[in-house]
Amino acid sequence: MIEALIRLYEQLVKQGKAPKYGYGQENVPFGLDIDAQGRVSDVHQFGETTKNGKYRYMLEVPAHAIRTAGVKANFLCDNSAYMFAVDTDGASAKARKRFDAAAQLHEEILKTSDDLDARAVANFFAAEPQGSQIEQLITEKFGDTAWKNALSANFVLCIDGKPLSTSSVLQELWDTYFSGNDSIDASGGKKAPDTMQSIVSGRQVLPAATHPNIRGVQGAQSSGAALISFNAPAYLSYGKEQDLNAPMSKYEAFAYTTALNTLLKDEQYRRVINKGSLTILCWSESAEPEYPRVMFTASTMSSDADVSQEKVISIVKALSQGHPVDYEDAKLKPTEPFYVLGLAPNAARLSVSFFYKDTFGHLLSNVNQHYEDTAIERPGFDKHEVVSVRSLLQQTVVQRPGKYVEALDKVAADLMQSILAGKRYSASLLDKVEIRIRAEHEINRAKAAIIKAFYLRSPNSGCPKEVLQMTINKDSTNIPYSMGRLFAVYEGLQSAANPGINTTIRDRYFTNACRMPAVVFPLLVDLGTKHLGKLKTKPGLATYYNQQIADLMSRIGEQFPSRLTLAEQGSFQLGYYFQTQERYKKTNKDNAATDQMVAAEEGANNE
Amino acid sequence: MPVKLEVWGDYALFTRPEMKAERVSYDVMTPSAARGILEAIFWHPGMRWCIDSITVMNPIRFTNVRRNEVKSVISGRNIRDMMENPAKDSAIYTSQDIQQRASMVLRDVRYVIEAHFEMTKNQSPEDNPAKFLSMFNRRAEKGQYYHHPYFGTREFPVNFQLWSGEVSPIGFEEGERDLGYMLYDMDFSDATNIKPLFFRAKLNSGVLDTTAPEVFA
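Residues numbered from 1 in each chain as written. Chains lettered and ligands numbered in written order. Predicted model: local features only at pLDDT ≥ 70, side-chain atom pairs only at ≥ 80, totals over all residues. Heavy atoms only, no water.

(A) Structural detail: the overall build of chain A. Along chain A, the regular secondary structure elements total 22 helices and 17 strands. C-alpha extents for chain A along the principal axes are approximately 105 × 55 × 45 Å. The contacts in chain A between residues at least 6 apart in sequence include a share of 69% that link residues at least 24 apart. Accessible surface, chain A as shown: approximately 27300 Å² in total, 50% of it carbon and sulfur. (Helix = DSSP H or I, 4+ residues; strand = E, 2+ residues; numbered from the N terminus. Contact = heavy atoms within 4.5 Å. Areas by Shrake-Rupley, 256 points an atom, 1.4 Å probe, with all protein chains shown as cover.)

Shown next as structure tokens:
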């Protein structure tokens, strides 16, 4: 996985999407113009104000050190304390110490060079800090409040308004320093270890003691979290400390973290599932953003996507059958290696929920399989061909009107994995849905789809294949299934006999009919007779229901089973769902679909 | 003196060194884990196990679990203190020291380990390879072990039996699969600085060949 991330980083650098090794993107709102003697001659303000009135200008500058408590200076670009010994407390001793550290660092990097720019920078730091001059310049140019805002913001040294971080001479000096610094960094002040074999390249390298942080995983600490870290003695082996337990060169550590940070910043590569309990990153070997975009839209089917479901389905079908597809500017190849990484936040650490590496086409064929497994007859008003992940997840929790309740993290993560990897659906998903059915006495399309898809992938004789179809199976003699249908018929009969009734048999008996039919069904049969009696004025309708009941009864036999297993309950529920859909079809006579026309005609004939 | 041992179990966790705090397993068993299993059944100072190959019999499947782990390690000095002065209490109390950590573990694994052993300079005069081999075979046949062999962590016990089939074991898939760098074993030659060694792991039709690991010097 780390190896793939490093390859991705190299690809991103080539495309100019990630900073080079030794550099990082920082917000640098100010530039300080200096002359050859290192005197500040002008102050520039870069970028635009954001909503909260702060200036924002992202610039690629020499990589910033991770600061916790200690004093660590950065090259060419830093905050006010390091650049001119003024912090929010004014020209304090602490700020002076920081400036001195910066001066020392620049002296070390620049001592060998006699380049004009380098000398100017060296002069800037060799002289006394020029805080008061800079304060004067800023106040004159941008007003009184600007100075206050500028404190603790980043400044970059410039010549003629051009940031020196873009100067090739200074970049070269920095590169030599940065890579030459590897050995210093690796020892971390302790006994210097010699080289170790790298975990990703197999080569002998100087291992980095700490790796850069990863920012942007929702739910983790905003200052960044570590993917690779060892924070307690039990996780160390053989006396190795920190990241020496996973030896990796400084470059490799930089590459994989930068790759992750770049993906996390970009909406195209990242999706957050379930309010941040899971962050999914996708990328292809080529790092083109169209691949992950298609994958996300296809796997979640969220309604906010800008392409229609039909379009997505056709793309998925073509790619999973091995045909390349043109999408926006890219030609999507089914053979493209593709990676999916699920990260779960855990305060200062990240944990890997899953990682898949496969060809793009194969992963999409898993997604397509999910479409097929969850495909189920839908009511006329439902315009979506595929049930979205969000609405599948909603079936596992209590829904209150106007309030979105999140599904359990584990259920969400498992479902995404089932879709992407073609694995079985998790038992907890089904379990949660069954609990909701028991409480709500209602089976909608998404619930029926989950039951059907679950038993398709985890075959169970209690819920046989003959009931796991897209539409009703009128030939099935499966007993629980027939009982489910019978229940729906009784419900229809009741509403025909007592139109507008408040509490129906579904509210009263559904759960128990499903679990202990032998207790409930005799009661229903009894009630059914009474309801039939009420239909004397409509003999056609009475005959219609009578026929249906007799037909289903003959399949169930003399005795109702005393108990149904969970799988048999699933079969019951599917039978109920399909039969209910039949009833709705009958009422929606104007529906255009052909099969529904036929069904409607049958209903009319029976009446 | 090759031996073939079939091992299987419900779960396995061969922790990747880089994913250790929140554990993630390697795709297949590492050679050092295989060595550990053989050593649990039979080991002697006069011998050293060398793993030749590991055949992966079941498809690679992962699952995610949360487990309680203890974050501290006990120090030798504390134990000595406690032995000298029993009133002193430096034990680790798991209930106070517990942490919940996620682990990505392998499910339903089955491997065949092929290995041989070499004699070391610590053998006594009456030791010889044939003796060790028959000791190992006898123990493995009877299901004896010094400590229960496990798949990576102690929670995941190993079932084992000698591979009795005439034919060689067959891997779960055809073709080649690159698994990246994998822990080969620890280099114990310098006791003050024990280093991990890695090798490029490749599955060839489900077989991990570990005879010629490219351990870079």
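The rest of the description comes next.
(B) Quick peek at the pairing of strand β17 (residues 349-359) of chain A. All names here are of chain A. Most of β17 sits inside the fold, with eight of its 11 residues counted as buried. Sheet topology places strand β16 (residues 337-346) next to β17; 10 bridges connect them, and they run antiparallel. Each residue of the ladder has a partner; that of L341, found in β17, is F355. (Buried < 20%, exposed > 50% of the residue type's maximum accessible area, 1.4 Å probe, protein only. Pairing = 2+ DSSP bridges.)

(C) The pattern of salt bridges, seen in detail. Residues and elements named next belong to chain A. Tallied over the full model, the rule gives 32 salt bridges over all chains. Between E491 and R506 there is a salt bridge; the shortest N-O distance is 3.7 Å. Here R506 lies in helix α18 (residues 505-515) and E491 lies in helix α17 (residues 479-497), a separation of 15 residues in the sequence. Residues K530 and D526 are paired through a salt bridge, measuring 3.7 Å at the closest nitrogen-oxygen approach. Of this pair, K530 and D526 are both found in helix α19 (residues 517-534), four residues apart, which corresponds to roughly one turn of the helix. On the basis of relative accessibility, which here comes to 55%, the residue K530 falls in the exposed class. (Salt bridge = Lys/Arg side-chain N within 4 Å of Asp/Glu carboxyl O.)

(D) Layout of the sheet that holds strand β13 (residues 278-284) of chain A. All names here are of chain A. The four strands are arranged β12-β13-β16-β17 in an open sheet whose pairing can be described as antiparallel. Strands at the two margins of the open sheet, each flanked by one partner only, are β12 (270-273) and β17. For this sheet, the mean inter-axis angle between neighbouring strands, taken without regard to orientation, is 20°. Packed on one face of the sheet, helix α9 (residues 250-265) meets β12, β13 and β16 and runs near 105° to β13. Contacts from helix α10 (residues 290-300) reach β12, β13 and β16, with the element oriented near 135° to β13. (Axes fitted to C-alpha atoms, helices over the stretch in contact; angles between N-to-C directions.)

(E) A look at the confidence of the model for chain B. In the predicted model, chain B carries a mean pLDDT of 88, and the fraction of residues at 70 or more is 97%. Reported confidences for the modelled complex are a pTM of 0.76 and an ipTM of 0.79. (pLDDT = per-residue confidence, 0-100.)

(F) Layout of the side chain of T257(A). Residue and element names in this part refer to chain A. With respect to the helices, strands and loops of the structure, T257 is situated in helix α9. The class for T257 is buried, based on a relative accessible area of 1%. Here the side chain of T257 touches A253 through a polar contact of 2.7 Å, landing on its backbone oxygen. Once residues within four sequence positions are removed from consideration, T257 is found in contact with P212 and I214. (Polar contact = N/O pair within 3.5 Å; in protein donor to acceptor, adjacent residues only side chain to side chain.)

(G) Layout of the packing of aromatic side chains. Throughout the structure, instances matching the rule amount to 32 aromatic pairs over all chains. Aromatic ring contacts, followed pair by pair, group F42(B), W49(B), F117(B), F132(B) and F136(B) into a single cluster. (Phe/Tyr/Trp six-rings, centres within 6.5 Å; stacked < 30°, edge-to-face > 60°.)

(H) A look at the interface of chain B and chain A. Listed per partner, the contact involves 35 residues of chain B and 40 residues of chain A. Of the roughly 2900 Å² buried between chain B and chain A, counting both surfaces, carbon and sulfur atoms make up 52%. Its largest share of buried area at the contact with chain A, chain B owes to E18(B), K20(B) and E22(B), together 19% of the area lost on that side. At the junction of chain B and chain A, the tally comes to two salt bridges. (Buried area = accessible area lost by both parts, 1.4 Å probe.)

(I) Seen up close, helix α4 (residues 116-126) of chain A. Along α4(A), the positions that sit buried rather than exposed are A118(A), A120(A), V121(A), A122(A), F124(A) and F125(A). Near the N-terminus of α4(A), the side chain that reaches the backbone nitrogen of D117(A), with its oxygen 3.0 Å away, is that of D115(A).

(J) Structural view of the confidence of the model for chain A. Residue and element names in this part refer to chain A. Looking at chain A, pLDDT values average 82 and 91% of them are 70 or higher. Ranking the helices and strands of chain A by mean pLDDT puts helix α16 (residues 445-457) first, with 94, and helix α8 (residues 182-187) last, with 44. Low confidence marks residues 183-192, where pLDDT is under 50. Its contacts with residues over four positions away, or in another chain, come to nine contacts. When the criterion is pLDDT under 50, residues 589-607 qualifies, and its contacts beyond four places in sequence or with other chains add up to 16 contacts.

(K) View of the state of the cysteines. Per the stated rule, a full pass over the model turns up zero disulfides over all chains. No disulfide involves C514(A); its sulfur sits 11 Å from that of C463(A), the nearest cysteine. (Disulfide = S-S within 2.5 Å.)

(L) Structural context of unusual backbone geometry. The phi torsion at A287(A) lies on the positive side, around 65°, for a residue other than glycine. Looking at the secondary structure, you find A287(A) in the loop between β13 and α10. Backbone geometry at S205(B) places phi at a positive 50°, although glycine is not the residue there.

(M) The arrangement of the packing of α17(A) against helix α20 (residues 539-556) of chain A in detail. Residue and element names in this part refer to chain A. Their axes nearest at 9 Å, the elements α17 and α20 cross at an angle of 160°. Of the possible angle classes, the one that applies to α17 and α20 is roughly antiparallel. The two elements α17 and α20 meet at a crossing, and its hand is left-handed. Contacts between α17 and α20 involve I479, S482, M483, R485, L486, V489, Y490, G492, L493 and A496 from the former and L541, Y545, Q548, I549, L552, M553, R555 and I556 from the latter. Within the contact of α17 with α20, the residues separate by chemical class into 13 nonpolar, three polar and two charged. (Parallel < 35°, antiparallel > 145°, perpendicular 65-115°, else oblique. Left-handed = near helix turned anticlockwise from the far one by under 90°. Nonpolar A, V, L, I, M, F, W, Y, C, P; charged D, E, K, R; others polar.)

(N) Helix α3 (residues 129-142) of chain B, seen in detail. All names here are of chain B. Between the first and last C-alpha of α3 there are 20 Å, a value that for 14 residues agrees with the 20 Å anticipated at 1.5 Å per step. Among all positions in α3, only F132, L133, F136, R139 and A140 are buried. Summarising the axial view, the buried residues of α3 lie within an arc of 135°, below the 170-degree limit, and thus occupy one face. Facing away from the buried surface of α3 by more than 90 degrees, the exposed residues are E141 and K142. On its buried face, α3 sits against β1 (3-12), α1 (31-41), β3 (47-56), β5 (98-119) and β6 (159-162). Structurally, the start of α3 carries an N-cap: the backbone nitrogen of A130 is 3.1 Å from a side-chain oxygen of N128. Once α3 finishes, G143 follows within two positions and takes phi at roughly 75°, a positive value. (Expected span 1.5 Å × (residues − 1). Arc of directions from axis to C-beta.)

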